[in-house]
Amino acid sequence: MTDKVLTCRDCGKEFTFTAGEQEFYAEKGFEHEPTRCPECRKAHKAQRRNRDNRNG
């Protein structure tokens, strides 16, 4: 595997999906590449966590 440059669907910034990350995704059985950069992924995860805490 080789590194891939992807574009974040939220901020539009390009980010690298490394060969190591690709191997990790494959080991976990994930079928799709990430659509968000690491920063947006982290923000989205925190937003979901906050929403879940309010509804819980």
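On a predicted model such as this, the values are computed, not experimentally measured, just so you know. (Residues numbered from 1 in each chain as written. Predicted model: local features only at pLDDT ≥ 70, side-chain atom pairs only at ≥ 80, totals over all residues. Heavy atoms only, no water.)

Here's the deal with the overall build of the chain
When its secondary structure is counted, the chain shows 2 helices and 2 strands. Secondary structure elements in the chain, listed N-terminal to C-terminal, are β-β-α-α. In terms of overall dimensions, the chain is more spread out than a globule: its C-alpha atoms have a radius of gyration of 13 Å, far above the 10 Å expected for 56 residues. For the chain, the spread of C-alpha atoms along the principal axes amounts to about 40 × 25 × 15 Å. Counting the 56 residues in the chain, one finds 20% classified as buried. At a minimum sequence separation of 6, the contacts of the chain that also span at least 24 residues come to 30%. Taking the average location of the 12 positive side-chain charges in the chain and that of its 10 negative ones, the two points are 10 Å from each other. (Helix = DSSP H or I, 4+ residues; strand = E, 2+ residues; numbered from the N terminus. Rg over C-alpha atoms; globule rule 2.2 N^0.38 Å. Buried < 20%, exposed > 50% of the residue type's maximum accessible area, 1.4 Å probe, protein only. Contact = heavy atoms within 4.5 Å. Lys, Arg positive; Asp, Glu negative; His and termini not counted. Charge placed at Lys NZ, Arg CZ, Asp CG, Glu CD.)

Quick look at a positive patch on the surface
Together, Lys45, Arg48, Arg49, Arg51 and Arg54 make up a positively charged patch on the protein surface. Within the fold, Arg48 resides in helix H2 (residues 38-55). (Patch = residues over 30% accessible without salt bridge, like charges linked within 9 Å, V, L, I, M, F, W, Y side chains within 5 Å. Areas by Shrake-Rupley, 256 points an atom, 1.4 Å probe, with all protein chains shown as cover. Salt bridge = Lys/Arg side-chain N within 4 Å of Asp/Glu carboxyl O.)

Digging into the environment of Gly12
Inspection of the secondary structure puts Gly12 in the loop between strand S1 (4-7) and strand S2 (14-17). Overall, Gly12 belongs to the partly exposed group, its relative accessible area being 46%. Taking C-alpha positions, Gly12 is 8.7 Å from Arg36, a pair spaced 24 residues apart along the chain.

Comments concerning the pairing of S1
Taken together, the 4 bridges between S1 and S2 define a ladder with antiparallel strand orientation. Looking across to S2, one finds that Thr7 is bridged to Glu14. In textbook terms, the turn of a hairpin is the stretch between consecutive antiparallel strands, and for S1 and S2 this stretch comprises 6 residues, one of which, Gly12, has a positive phi near 80 degrees. (Pairing = 2+ DSSP bridges.)

Quick notes on the packing of aromatic side chains
The geometry of an aromatic ring pair is captured by the separation of the ring centres together with the interplanar angle, meaning the angle of the planes. Applying the stated criterion to the full structure yields 3 aromatic pairs. Taken together, a centroid distance of 6.4 Å and an interplanar angle of 70 degrees make the contact between Phe24 and Tyr25 edge-to-face. Residues Tyr25 and Phe30 carry aromatic rings whose centres are separated by 5.2 Å and whose planes lie at 75 degrees to one another, so their mutual orientation is edge-to-face. For Tyr25, a relative accessible area of 17% gives the class buried. (Phe/Tyr/Trp six-rings, centres within 6.5 Å; stacked < 30°, edge-to-face > 60°.)

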